[in-house]
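Here is what each chain is made of, one letter per residue.
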Number of protein chains: 6
Amino acid sequence: MPYVNIKITDEGVTDAQKQQLIRGTTKLLVDTLNKNPETTFVIIEEVNLNNWGIGYHSVKERRK
Amino acid sequence: MPYVNIKITDEGVTDAQKQQLIRGTTKLLVDTLNKNPETTFVIIEEVNLNNWGIGYHSVKERRK
Amino acid sequence: MPYVNIKITDEGVTDAQKQQLIRGTTKLLVDTLNKNPETTFVIIEEVNLNNWGIGYHSVKERRK
Amino acid sequence: MPYVNIKITDEGVTDAQKQQLIRGTTKLLVDTLNKNPETTFVIIEEVNLNNWGIGYHSVKERRK
Amino acid sequence: MPYVNIKITDEGVTDAQKQQLIRGTTKLLVDTLNKNPETTFVIIEEVNLNNWGIGYHSVKERRK
Amino acid sequence: MPYVNIKITDEGVTDAQKQQLIRGTTKLLVDTLNKNPETTFVIIEEVNLNNWGIGYHSVKERRK
């Protein structure tokens, strides 16, 4: 019954890439801890560049 | 002072339903643990079907 | 497939009370949104009184 | 390596205010615990007024 | 700068298994989205069996 | 009604330091967004060094 929450910056992640993250994370939990994939949740959250800070600044600011 | 975070798939949940989730959760905390409703937070997050995975696939994929 | 995270202060919550929170929250999701209980997760986190702040102070401090 | 998640109601928070939250939180972690700002994450989440409940009602309802 | 939070039931996960989860998740983010591993956080939370509910019951209850 | 969750590594953070984090975060929300401190939650979570990964390794491993 694992629950995985992945937060990434919101910059054009495709549905195929999301699918890859879901598949890979689930497989990792199955392979490492023998978890049941049917009760393994993976939730992806895409965060606006203005809302993610690192090193005192938003990612938006840092990229300027 | 409980904090409750409810994540559900984003598929047309109405404001009335959200209100029902907020009222029901708060009442449960008050009835079970005698918590103060005025400092009981309930935050509902609606997650895109492409961003929620279960059983190796996104909900979007599974419904195809 | 809802996911619910309940954070409460750590002060002697019994297993019976936890069970009541789990049952009540799951029933609420089933009744309100017709969710499947077999893929409804409820995770309870108990937080130390020194680690929960409200109104500028930890709960521990406020109770002194 | 701290990780900070700030949830606030979604009501016109400006990028300058977000920047202020990021800078202030990071500085607090550096000053209090001597953390490295380059591995200090601050993630701001803005929550719809219908999705945030307190005192049995959504913030939207309470403001009516 | 991804942030990944993995919640699993607390039942004797070894440090080697945790290391495997950290390595695998980080590699997945690098391979799929070209993220920088030096700013990829993976946080594992182990949840008591009485505190994790599914299908109306705690995992502890279900295993009886 | 802000909610702030601070995750840090578990390495002897004192109650005085926790109190400083709570006070500083609350003040920041009050000063920046004019929030009510009485409904501002700050929750600090201390994470075991084996459970926090960065750069492919747990913090525990990296410090060896």
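Residues numbered from 1 in each chain as written. Chains lettered and ligands numbered in written order. Predicted model: local features only at pLDDT ≥ 70, side-chain atom pairs only at ≥ 80, totals over all residues. Heavy atoms only, no water.

(A) Inspection of the interface of chain C and chain E at higher detail. In this complex, chain C contributes 18 residues to the contact, which on the side of chain E involves 14 residues. On the surface where chain C and chain E come into contact, there are 2 salt bridges. Ionic pairing is found between E:Arg62 and C:Glu38, a salt bridge with its closest N-O pair at 3.3 Å. Counting residues per element, the ones that place at least two in the side of chain C that touches chain E are helix 1 (15–33) and strand 2 (41–47) of chain C. Among the elements that take part in the side of chain C that touches chain E, helix 1 of chain C stands out by supplying 8 residues, more than any other. Classifying every residue of the side of chain C that touches chain E by side-chain character gives 8 nonpolar, 3 polar and 7 charged. (Contact = heavy atoms within 4.5 Å. Salt bridge = Lys/Arg side-chain N within 4 Å of Asp/Glu carboxyl O. Helix = DSSP H or I, 4+ residues; strand = E, 2+ residues; numbered from the N terminus. Nonpolar A, V, L, I, M, F, W, Y, C, P; charged D, E, K, R; others polar.)

(B) Structural view of the relation of the copies chain C and chain E. For the pair chain C and chain E, the superposition axis carries a translation of 0.0 Å, the fit reaches an RMSD of 0.0 Å, and the rotation angle comes to 120°. Within this description, the copies of the chain are treated as partners about a three-fold rotation axis. No C-alpha of chain C lies nearer the rotation axis than that of C:Glu45, which sits 6.0 Å from it. Different-surface contact between copies: only 6% of interface residues of chain C are shared with the interface of chain E. (Least-squares fit on C-alpha atoms with pLDDT ≥ 70 in both.)

(C) Summary view of the pattern of salt bridges. On inspection of all chains with the given rule, the structure shows 48 salt bridges over all chains. Note that A:Glu46 and A:Lys18 form a salt bridge whose closest N and O atoms lie 3.1 Å from each other. Note that A:Glu46 is positioned in strand 2 (residues 41–47) and A:Lys18 in helix 1 (residues 15–33), a separation of 28 residues in sequence. The exposure class assigned to A:Lys18 is buried, which follows from its relative accessible area of 7%. Salt-bridge contacts for C:Glu45 lead to C:Lys7; the nearest nitrogen and oxygen are separated by 3.0 Å. With C:Glu45 in strand 2 and C:Lys7 in strand 1 (residues 3–9), the pair connects residues that are 38 residues apart, well separated along the chain. (Buried < 20%, exposed > 50% of the residue type's maximum accessible area, 1.4 Å probe, protein only.)

(D) How the structure looks around the interface of chain A and chain E. With 26 residues of chain A in contact, the opposing surface of chain E contributes 26 residues. At the boundary of chain A with chain E, total buried surface from both sides reaches about 2200 Å², with 73% on carbon and sulfur atoms. Looking only at chain A, the three residues that lose the most surface to chain E are A:Met1, A:Leu28 and A:Thr32, adding up to 26% of its buried area. If you look at where chain A meets chain E, you find 2 salt bridges. Remark: the boundary between chain A and chain E carries 6 residue pairs in polar contact (both at pLDDT 80 or more). Those elements that provide at least two residues to the side of chain A that touches chain E are strand 1 (3–9), helix 1, strand 3 (52–54) and helix 2 (59–63) of chain A. Considering every element that reaches the side of chain A that touches chain E, the biggest residue donor is helix 1 of chain A, with 9 residues. Here the side of chain A that touches chain E is composed, by residue class, of 14 nonpolar, 8 polar and 4 charged. Where strand 1 of chain A lies against strand 1 (residues 3–9) of chain E, 5 bridges are found, and the strand directions are antiparallel. The partner of A:Lys7 across the bridge, within strand 1 of chain E, is E:Tyr3. (Buried area = accessible area lost by both parts, 1.4 Å probe. Polar contact = N/O pair within 3.5 Å; in protein donor to acceptor, adjacent residues only side chain to side chain. Pairing = 2+ DSSP bridges.)

(E) A look at the environment of F:Met1. Tracing the chain through its elements places F:Met1 in the segment before strand 1 (3–9). Sequence spacing of F:Met1 and F:Val13 is 12 residues, and the spatial spacing of their C-alpha atoms is 26 Å. The residues touching F:Met1, leaving out its near neighbours within four places in the chain, are B:Phe41, D:Lys7, D:Thr9, D:Trp52, D:Ile54, D:Val59, D:Arg63, F:Lys35 and F:Thr39.

(F) Inspection of the sheet that holds strand 2 (residues 41–47) of chain E at higher detail. Reading across from one edge, 4(B)-3(B)-2(A)-1(A)-1(E)-2(E)-3(F)-4(F) is the order of the 8 strands in this open sheet, with mixed pairing throughout. Because the sheet does not close on itself, it has two edges, and the strands there are strand 4 (57–58) of chain B together with strand 4 (57–58) of chain F. In this structure, strand 3 (residues 52–54) of chain B lies alongside strand 4 of chain B, joined through 2 bridges in antiparallel fashion. Counted as the bridge partner of B:Ile54 is B:His57 from strand 4 of chain B. In this fold helix 1 (residues 15–33) of chain E packs onto strand 1 of chain A, strand 1 and strand 2 of chain E together with strand 3 (52–54) and strand 4 of chain F, with an angle of close to 140° to the strand it touches most, strand 2 of chain E. (Axes fitted to C-alpha atoms, helices over the stretch in contact; angles between N-to-C directions.)

(G) Molecular detail of the packing of aromatic side chains. Tallied over the full model, the rule gives 12 aromatic pairs over all chains. An angle of 5° between the planes, with centres 3.7 Å apart, marks the rings of D:Tyr3 and E:Tyr3 as stacked. Here the residue D:Tyr3 occupies a position in strand 1 (residues 3–9), and E:Tyr3 occupies one in strand 1, the pair thus bridging two chains. Here the two residues D:Tyr3 and E:Tyr3 agree in accessibility, since each one is buried. (Phe/Tyr/Trp six-rings, centres within 6.5 Å; stacked < 30°, edge-to-face > 60°.)

(H) Expanded view of helix 1 (residues 15–33) of chain B. All names here are of chain B. With 19 residues, helix 1 ought to run about 27 Å at 1.5 Å a step, and its terminal C-alpha atoms sit 27 Å apart, in line with that. All of the buried residues along helix 1 are Lys 18, Gln 19, Leu 21, Ile 22, Thr 25, Thr 26, Leu 28, Leu 29, Val 30, Thr 32 and Leu 33. Backbone geometry just after helix 1 places Asn 34 at a positive phi near 60°. (Expected span 1.5 Å × (residues − 1).)

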